[in-house]
Number of protein chains: 2
Amino acid sequence: MSKYQKPTLTTRRLQPENLETPISFLETNTMPPELFYKRNHFSYPSLTYSNYWLPINGSVVTPKVFSLEEIAKLPAKTLKVILECAGNKRSYFEPKTYGEQWEKGGISQGYWTGVPLKTFLESTGITQTAKEVLVEGYDKGKRTDMKNEYPYARSLPLDKALHPDTLIAYEYNYHPIPFEHGYPLRLIVPSWYGMASVKWIKQISVISSEFKGPYQSVDYVYYPNKENEDNAFPVTKMNVNSTIQTPLNMEELNTGSHIIKGIAWTGVGSILKVEVSLDAGQTWIETDLQSPSDNYSWTEWSYEWSTYEAGEYTIMSKATDSFGRTQPTEAFWNQKGYGYHAIDQIKVKVE
Amino acid sequence: MSKYQKPTLTTRRLQPENLETPISFLETNTMPPELFYKRNHFSYPSLTYSNYWLPINGSVVTPKVFSLEEIAKLPAKTLKVILECAGNKRSYFEPKTYGEQWEKGGISQGYWTGVPLKTFLESTGITQTAKEVLVEGYDKGKRTDMKNEYPYARSLPLDKALHPDTLIAYEYNYHPIPFEHGYPLRLIVPSWYGMASVKWIKQISVISSEFKGPYQSVDYVYYPNKENEDNAFPVTKMNVNSTIQTPLNMEELNTGSHIIKGIAWTGVGSILKVEVSLDAGQTWIETDLQSPSDNYSWTEWSYEWSTYEAGEYTIMSKATDSFGRTQPTEAFWNQKGYGYHAIDQIKVKVE
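Residues numbered from 1 in each chain as written. Chains lettered and ligands numbered in written order. Predicted model: local features only at pLDDT ≥ 70, side-chain atom pairs only at ≥ 80, totals over all residues.

A. Region of interest: the domain arrangement of chain A. All names here are of chain A. Its domain assignment divides chain A into domain 1 (10–219) and domain 2 (241–350). Using only C-alpha atoms to locate each centre, domain 1 and domain 2 end up separated by 29 Å. Each partner contributes to the interface: domain 1 provides 22 residues, whereas domain 2 provides 20 residues. Among the elements that make up the side of domain 1 that touches domain 2, the one with the highest residue count is strand β6 (residues 77–84) (four residues). For the side of domain 1 that touches domain 2, a count of residues per class yields nine nonpolar, eight polar and five charged. (Domains from an automatic or database assignment. Contact = placed C-beta atoms within 7 Å. Helix = DSSP H or I, 4+ residues; strand = E, 2+ residues; numbered from the N terminus. Nonpolar A, V, L, I, M, F, W, Y, C, P; charged D, E, K, R; others polar.)

Right under this line is the structure:
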């Protein structure tokens, strides 16, 4: 008789479609497609699957065009990879920054299967002058700050493009990638924020210059100063980060035992430790890491908290990775609100 | 090919189920059941429909028990009624208050059909000492602040109980009330915050004293002081209020023409005017009211804004009702975070 709904994506914006994963209410470690956050810059593109081809051109020795059938025959690998929107947690910046007001659910993970980009570039060869690999999606449209129409396109430096785990993926969780997530082919760039993982790949061009498209040199750039663009630098690797899933912020709890749990992740190395504080950061307690930490997916952590003293508590979580990077107390504010990774915190009342 | 999702409810809490209406993304004036917010204090109750009866007892002349078939034969009326959670917009209070962190979507409206409670009380009669009418739901459970189990139960003063528009409803939008919203019978108390509209009615008792259950005298009480319970008073009628639906907060817009639109409502009388400010409250412009204002449902309002000057804008909305009540600049803070109705505001950037 009781008809509990499954949690669903939270609508942040309808057109273009931007929907957030209900991160506090996940029951699985990998996201079923219907709970994978959606971040679109434009309307969904129109593709003709029947004659879909992947062209690889530019500063290559032999330009080639691959069919999906040919790609399916190439040696593939499957990686469990986080995609995190660069704007994840943007709504927590103070002062607030423009753009989708993501809370903590601009992040998802699952198994991506595909062929390393490297395999394609070995097949075409690259010229001596090759500097970056430009990946263009079928999605395109206008921006509020410019006149022309632009495709969604991003470049990778050669070393990242040739990394054996940078994939041209065609499956998510062992099924064809859902259309909204980039079918038929999506670039997957592990460890980098999600903007690098271009959906609906239209073509791949090896270029001999620095790509300056708006999604490379205007957006997805950290501008640390409020009044000017000094000291700007590009958004690339994910910061070390953690999120408290339960309890919920401003929840009222009984005295007794409660599980404090969440996830932690990093763009370099793996998560070594996650600490929680029950006294607003004065003292820290190491939590149990519940799943093996690897380089591209998140670690679940938990702490069993027995509390018999009524009162208000500020609970914090802080992750540290294998390169000694840890979460800062204060967020690194930047004009466009990228890469929020301050220590997570919630407040609860025990009564 | 493009598969836009319909907006869905936002999960605020899974158990008990509390889900918020995606208020910025509504396409209809009345809520289809799947977009009606859900506010539960407990798990869903177990009911046996096959032998469901409605007992009316206590300080009545002739206690009676009504079957659903008997109720269906009584003269019914249909009213378009808002239900607004008393905690709607709670997340905007500063300092924050405990409980579900509702944003602007703890509100929905639609057509409720049922028999006036008055009809039942005329049928049973009431005694000279009758003071309140207590309505108990089938939902029950424990609270974090007390030891015992309590049912969800609320009383109405006699005059409100006998108001011809206080209904024992059995249909929502001309279909049986969905189970999660109170099937088979739900009290509908127009103009009052939603806590009065008890779901899954178990029994109705006329009482000769003041009801002191926890959902009457602990919760749903305004405690205006942070440190004590002085000057407390009960939550009853909805405050005059308005919500900006579009643009979204922190949205980036082109120069040109944009529709600023939203809803406005009140618990007394009707909405007479809604004003917007484009300069953070220095000047106000009257908007167009798009639907006729009546006493129990909201008014849609809109304003076409032509802007050719790039910059940041703070947009506000302020409703005034037919009793001259208007929204305050500062929220009326209270311990439990009820009745938020400060002037609504968003920020946008035009470029």
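B. The sheet that holds strand β2 (residues 18–20) of chain B, seen in detail. A sheet is described by the order of its strands in space; here three strands give the open sequence β1-β2-β3 (chain B), paired in antiparallel fashion. Of all strands in the sheet, those with a lone pairing partner are β1 (10–13) and β3 (38–39) of chain B, marking the two edges. (Pairing = 2+ DSSP bridges.)

C. Just the pairing of strand β4 (residues 53–58) of chain A, in detail. All names here are of chain A. Note: β4 against strand β5 (residues 64–67), four bridges, orientation antiparallel. Paired with Trp53 across the two strands is Ser67, which belongs to β5. The turn joining β4 and β5, which pair antiparallel and follow one another in sequence, is formed by five residues. Looking at chain direction, β4 and strand β13 (residues 201–207) are connected through three bridges and run parallel. What sits directly across from Gly58, in β13, is Val206.

D. Inspection of helix α2 (residues 117–124) of chain B at higher detail. Residue and element names in this part refer to chain B. Turning to α2, its buried residues number three or more, namely Leu117, Phe120 and Leu121. Down the axis of α2, the buried set is contained in an arc of 95°. They therefore lie on one face. Just beyond α2, the residue with positive phi is Gly125, at close to 75°. (Buried ≥ 20, exposed ≤ 12 C-beta atoms within 10 Å, placed from the backbone. Arc of directions from axis to C-beta.)

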